[in-house]
Protein chains: 2
Amino acid sequence: MEKLKGALVFAQSGGPTSVINASDAGVFIEGLKSSKITAVYGAAHGIRGILNEEFYDIGKEDKKELLRLKYTPSSALGSVRYKLKDASKDETDYKRLLEVFKKYNVRYFFYNGGNDSMDTCNKISKYMAKSGYAINVIGVPKTIDNDLYGTDHCPGFASAAKYIATSIMEINLDAKVYDSPMVCIVEAMGRNAGWLTASAALANEKGLGADLIYLPETDFDVKKFVSDVEKVMKKNNNKCIACVSEGIHDKKGKLISEVLGEAGARDSFGHAQLGGVAASVADISKQKFGVKTRAVEVSLMQRCAAHCASKTDIEETFNAGRMAVKAAVSGVTDKMVCYKVRKDFDKKYVCEYELLPLELAANTERTVPKSWITKNGTGISKQFVKYALPLIEGETELTKEDGLPRFAKLKKVRVSK
Amino acid sequence: MEKLKGALVFAQSGGPTSVINASDAGVFIEGLKSSKITAVYGAAHGIRGILNEEFYDIGKEDKKELLRLKYTPSSALGSVRYKLKDASKDETDYKRLLEVFKKYNVRYFFYNGGNDSMDTCNKISKYMAKSGYAINVIGVPKTIDNDLYGTDHCPGFASAAKYIATSIMEINLDAKVYDSPMVCIVEAMGRNAGWLTASAALANEKGLGADLIYLPETDFDVKKFVSDVEKVMKKNNNKCIACVSEGIHDKKGKLISEVLGEAGARDSFGHAQLGGVAASVADISKQKFGVKTRAVEVSLMQRCAAHCASKTDIEETFNAGRMAVKAAVSGVTDKMVCYKVRKDFDKKYVCEYELLPLELAANTERTVPKSWITKNGTGISKQFVKYALPLIEGETELTKEDGLPRFAKLKKVRVSK
């Protein structure tokens, strides 16, 4: 494809992460540098912002604040959960997108998100190509779930893993403080992929982890769980810390949160709305053992605790945004940025950036390899630790003011319609 | 009282905090320096460790690790919830304590805890005095609840407040990320005192706080709450973040968690076991407004997130431990260390250490002044911000290894009985 001159649009979709705005920083800062790019726009609330022509003029922002985005959680532009219909069934949205792209001469489009968003990005890319509208479309990955296909790991995962492992170490010390029996259940996010829950194993490396770890990659059996807890309590002075994924399910595939609790609502992608499984599982422990139990959800904090983000994750996410722009202005389209990890001559961790066809990235979930889960289904192997430990290295450079984070403040100047 | 030579015993009681071990560090390091002190012992699990003669020989610990205690959450010695009976009704425990103190020639006793622990400390002090056993007893305060009488603030409060304010800033950014309506309820600890919940107001100072803040110092009315949320949603693009204390109650004094949820169990002090009120209150919002709701409990993390502790809190807690020992070896007894705050000639915050009779500190709860709560009962005044902001200043010097906290590792060498 020829090297186009035109506007850049960046939009974000899906659940935010601690470092998703590092992608913004990368895309914006690189975009503002390029002579091919005539204007840098941020779309408000993903696709919906494009459909509604709600753009922020990033050229009007302070460079310092754009750099602060690296350390600012959540999505600075606003996110959305909006599923595009198949163009073969309903072209309405695609036609509108094309109209808007033409109106603003958008020739560079970057979509930031997880599986569903890469699917959206792929659909848009294919439609624009079919329509003969010259535009370079690149997917910028993000998801704490770490479940995108074709990349060694996903931007945002490591910071969530670091927060979870740190919190579990702290919770371990706290929960074991009394000399009385105690069962503590910590719940991490992850519908089908247990990467976040597996991060508890990083805390185990420090001797302050979870005795039992249950991922959605295996079936969860309530009876076996009770027996697992019993064994741990016998061994560990009547104390047990377990980490469960929100997505744990029985052998029929039914979510434990549904089996034990109320059937949940579903989001606009048809996924069940999860959460609360820790409380249910803690309740079982209370009933069976009559001991003090604690159910701890690391909840939204796991995806927004920027104060505990991984420097490695921040810098990689920032670079992924920059790479996306560099690739696009050099003529690349219909790709997603991905990470490849290799060891250098010192056997040190090196992350390289590659490009993967969008259709490969879209809608393929990458789960924790079964071989990384111990045979009894309650532990995580050293392979995971070897994989994940380099990713959580380094601390955020987030500035503090009055002892609190000083997050980026954008002017968000609207582009006139 | 004469200046005694003898052993020092330090014990910890009640719920731990992020910085409670900074008290250990202060007491231990100062104790090991004193020529009056023949041995420094840590009792396992508070009073129970003394009754059972379970002592750790702190002299055998590595000084570096003792210093690391400043940055290590939870209680390194183990805590306990154990209520001493009135000596006038049952002397058994007191007699045993006296026996153990005599056996190990304990002449310096330090008890670390909140209201209930200061009561225990006071009872022991009075009993030993009555028995004619020469021992210097000093209470070392700690409680995230900040509800101890006679001190400007309590060791542990500021770090919890810093974590809560930081998390609320991050949750604020995360929860408002979509363009759809949303109610997010954040629950903080605090049975009768709303200091922790009030910390949300520190996040408000940064423009990323809670729209509504409900303390247990006022009555909570469910109908008014619904109307409060409705008003905020109208004003704030259909979004509302509320912070509630676990201890909010109706005008009859019945806990909202009991009114709306199941009646809870009670702990060994007869206090109701709280928690889960966020979920109940979020549920009401869902029923009334039919919008997406989130219930976030900052749970154990608020009292153990040492990675986000306040340096001011750490240093003051450390100094309080040291001051306790200095006072005791100079002959002071039957007192609790407390903080007095003044402004220096530069109008800067200065914390000074004073001593308060134990009986004054024991069992008197200090709540948030009513005048610091806005008239509509949903906000916190600037006076609170002025009070709390200096306390959360500065970051922990916690060392990281592999991107995770390197907490203190004690040898815990048992003293032979």
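Residues numbered from 1 in each chain as written. Chains lettered and ligands numbered in written order. Predicted model: local features only at pLDDT ≥ 70, side-chain atom pairs only at ≥ 80, totals over all residues. Heavy atoms only, no water.

(A) Quick peek at the overall build of chain A. Counting its regular elements, chain A contains 15 helices and 13 strands. A compact globule built from 417 residues would reach a C-alpha radius of gyration of about 22 Å, and chain A, at 22 Å, matches this within 12%. Considered along the principal axes of its C-alpha atoms, chain A spans approximately 70 × 50 × 45 Å. Taking all 417 residues of chain A together, the buried fraction comes to 63%. Pairs at least 24 apart in sequence give 77% of the contacts found in chain A among residues at least 6 apart. (Helix = DSSP H or I, 4+ residues; strand = E, 2+ residues; numbered from the N terminus. Rg over C-alpha atoms; globule rule 2.2 N^0.38 Å. Buried < 20%, exposed > 50% of the residue type's maximum accessible area, 1.4 Å probe, protein only. Contact = heavy atoms within 4.5 Å.)

(B) Local environment of the nonpolar core. Of all hydrophobic cores here, the largest spans 182 residues; its most connected members are Phe110 and Phe384 of chain A together with Phe110 and Phe384 of chain B. Ignoring any residue separated from it by four or fewer positions in sequence, one finds Phe384 of chain B in contact with Phe157, Trp195, Ala198, Ser199, Ala201, Leu202 and Trp372 of chain B. (Core = buried A, V, L, I, M, F, W, Y, C linked by side-chain atoms within 4.5 Å.)

(C) A look at the interface of chain A and chain B. Residue-level contacts link 60 residues of chain A with 60 residues of chain B. Between chain A and chain B lies a buried interface of about 4,800 Å² when both sides are counted; carbon and sulfur atoms form 58% of it. The largest contributions to the chain A side of the interface with chain B come from Glu170, Tyr178 and Leu404 of chain A, which together make up 14% of the buried area. Run the count over chain A and chain B and you get eight salt bridges. In this structure, Glu395 of chain B and Lys400 of chain A form a salt bridge, with 2.9 Å as the shortest nitrogen-oxygen distance. The tally of links between chain A and chain B comes to 30 residue pairs in polar contact (both at pLDDT 80 or more). Sorting the residues of the side of chain A that touches chain B by element identifies helix 6 (157-175), strand 9 (292-297), helix 12 (301-304), strand 12 (400-401) and strand 13 (404-405) of chain A as the ones contributing at least two each. Among the elements that make up the side of chain A that touches chain B, the one with the highest residue count is helix 6 of chain A (eleven residues). In terms of residue class, the side of chain A that touches chain B is built from 29 nonpolar, 15 polar and 16 charged. (Buried area = accessible area lost by both parts, 1.4 Å probe. Salt bridge = Lys/Arg side-chain N within 4 Å of Asp/Glu carboxyl O. Polar contact = N/O pair within 3.5 Å; in protein donor to acceptor, adjacent residues only side chain to side chain. Nonpolar A, V, L, I, M, F, W, Y, C, P; charged D, E, K, R; others polar.)

(D) The arrangement of the sheet that holds strand 3 (residues 55-57) of chain A in detail. Residue and element names in this part refer to chain A. Overall, mixed pairing links the seven strands, which are arranged 3-2-1-4-5-10-11 in an open sheet. The strands lining the two open edges of the sheet, one partner per strand, are strand 3 and strand 11 (349-357). Taking the axes of each pair of neighbouring strands and ignoring which way they run, one obtains an average angle of 30 degrees across the sheet. (Pairing = 2+ DSSP bridges. Axes fitted to C-alpha atoms, helices over the stretch in contact; angles between N-to-C directions.)

(E) Structural context of the pairing of strand 6 (residues 182-188) of chain B. All names here are of chain B. Among the seven residues of strand 6, seven are classified as buried, and the element is accordingly described as predominantly covered. Side-chain alternation along strand 6 places Met182, Cys184, Val186 and Ala188 on one buried face and Val183, Ile185 and Glu187 on a second face that is also buried. Direction of pairing for strand 6 relative to strand 9 (residues 292-297): parallel, over a ladder of six bridges. Across the sheet, the residue bridging to Glu187 is Glu297, located in strand 9.

(F) Region of interest: unusual backbone geometry. All names here are of chain A. Its identity as a non-glycine residue notwithstanding, Glu53 has a phi of 55 degrees, on the positive side. Take Glu53: it is sitting in the loop between helix 2 (46-51) and strand 3. Since its relative accessible area comes to 10%, Glu53 is described here as buried. Unusually for a residue other than glycine, Asn237 sits at a positive phi of about 55 degrees. The residue Asn237 is located in the loop between helix 9 (222-235) and strand 8 (239-245) in this model.

(G) Quick peek at the side chain of Thr293 of chain B. Residue and element names in this part refer to chain B. Among the structural elements, Thr293 can be located in strand 9. The exposure class of Thr293 is buried, given its relative accessible area of 18%. Among residues more than four places away in sequence, those in contact with Thr293 are Val183, Ala282, Ser285 and Lys286.

(H) Region of interest: the packing of aromatic side chains. Applying the stated criterion across every chain, the model contains 36 aromatic pairs over all chains. With centroids separated by 5.4 Å and ring planes inclined at 50 degrees, the aromatic side chains of Phe101 of chain A and Phe109 of chain A adopt a geometry described as tilted. Note on Tyr214 of chain B and Phe220 of chain B: the rings are 5.0 Å apart at their centroids and 80 degrees apart in plane angle, and the pair reads as edge-to-face. A single burial state applies to Tyr214 of chain B and to Phe220 of chain B, both of which are buried. (Phe/Tyr/Trp six-rings, centres within 6.5 Å; stacked < 30°, edge-to-face > 60°.)

(I) Representation of the pattern of salt bridges within the structure. Residue and element names in this part refer to chain B. Applying the stated rule across the entire model yields 50 salt bridges over all chains. A salt bridge links Asp57 to Lys60; the nearest nitrogen and oxygen atoms lie 3.5 Å apart. Exposure remark for Asp57: the relative accessible area of 18% places this residue in the buried category. Here Lys60 falls in the partly exposed class, since its relative accessible area comes to 46%. A salt bridge links Glu99 to Arg96; its shortest N-O distance comes to 2.7 Å. You can see Glu99 and its partner Arg96 sitting in helix 4 (residues 92-103), three residues apart, about one turn around the helix. Using a relative accessible area of 47% as the deciding quantity, one classes Glu99 as partly exposed.

(J) Broad picture of the relation of the copies chain A and chain B. Relative to chain B, chain A is turned by 180 degrees and slid 0.0 Å along the rotation axis, the superposed coordinates differing by an RMSD of 0.0 Å. Such a turn and shift between the copies fits a two-fold axis. Here 100% of the interface residues in chain A have copies in chain B that are interface residues too; the copies meet face to matching face. (Least-squares fit on C-alpha atoms with pLDDT ≥ 70 in both.)

(K) Examining the packing of helix 9 (residues 222-235) of chain B against helix 11 (residues 277-289) of chain B more closely. Residue and element names in this part refer to chain B. The contact between helix 9 and helix 11 brings their axes to 11 Å, and the two run at 65 degrees. Between helix 9 and helix 11 lies a crossing of right-handed hand. Judged by residue contacts, Val222, Phe225, Val226, Val229, Glu230 and Met233 of helix 9 engage Val281, Ile284, Ser285, Lys288 and Phe289 from helix 11. Here the contact of helix 9 with helix 11 is built from residues that sort into eight nonpolar, one polar and two charged. (Left-handed = near helix turned anticlockwise from the far one by under 90°.)

(L) Expanded view of the state of the cysteines. Inspection of every chain in the model, using the stated rule, returns zero disulfides over all chains. As a non-bridged cysteine, Cys304 of chain B has Cys184 of chain A as the owner of its nearest cysteine sulfur, 9.1 Å distant. Here Cys351 of chain B is not disulfide-linked; the sulfur of Cys338 of chain B is the nearest cysteine sulfur, at 9.2 Å. Given a relative accessible area of 14%, Cys351 of chain B falls into the buried group. (Disulfide = S-S within 2.5 Å.)

(M) Spotlight on the sheet that holds strand 8 (residues 239-245) of chain B. All names here are of chain B. Read across the open sheet, the four strands follow the order 7-8-6-9; overall the sheet is parallel. Lying at the two open borders of the sheet, with one neighbouring strand each, are strand 7 (212-214) and strand 9. Taken over all neighbouring pairs, the strand axes of this sheet differ in orientation by 15 degrees on average, direction set aside. Packed on one face of the sheet, helix 11 meets strand 6, strand 8 and strand 9 and runs near 170 degrees to strand 9.

(N) Geometry of the packing of helix 4 of chain B against helix 5 (residues 115-131) of chain B. Residue and element names in this part refer to chain B. It is the contact of helix 4 with helix 5, at a shortest axis distance of 11 Å, that shows an interaxial angle of 70 degrees. In terms of orientation, helix 4 lies roughly perpendicular with respect to helix 5. In contact with Tyr94, Lys95, Leu97, Leu98 and Phe101 of helix 4, helix 5 contributes Lys123, Ile124, Tyr127, Met128 and Ser131. (Parallel < 35°, antiparallel > 145°, perpendicular 65-115°, else oblique.)

(O) Representation of the side chain of Asn21 of chain A within the structure. Residue and element names in this part refer to chain A. Relative to the helices and strands, Asn21 is located in helix 1 (residues 20-33). Classification of Asn21 as buried rests on a relative accessible area of 1%. At 2.4 Å, the side chain of Asn21 and the backbone oxygen of Ser74 are in polar contact. Other than its neighbours up to four places away in sequence, Asn21 contacts Gln12, Leu69, Lys70, Thr72, Pro73, Ser74, Ser75 and Ala76.

(P) Spotlight on the environment of Tyr163 of chain B. With respect to the helices, strands and loops of the structure, Tyr163 of chain B is situated in helix 6 (residues 157-175). Along the primary structure Tyr163 of chain B and Gln302 of chain B are separated by 139 residues, whereas in three dimensions their C-alpha atoms are 6.1 Å apart.

(Q) Molecular detail of the confidence of the model for chain A. The pLDDT averaged across chain A works out to 94; a share of 96% of its residues lies at or above 70. As scored by the predictor, the complex reaches a pTM of 0.96 and an ipTM of 0.96. (pLDDT = per-residue confidence, 0-100.)

(R) Structural context of helix 13 (residues 311-329) of chain B. Residue and element names in this part refer to chain B. Over its 19 residues, helix 13 extends 27 Å from the first C-alpha to the last, a length consistent with the 27 Å expected when each residue adds 1.5 Å. Capping the start of helix 13 is the job of one residue whose side-chain oxygen sits 3.2 Å from the backbone nitrogen of Thr312: Ser310. Among the residues trailing helix 13, Gly331 stands out with phi positive, at a value near 105 degrees. (Expected span 1.5 Å × (residues − 1).)

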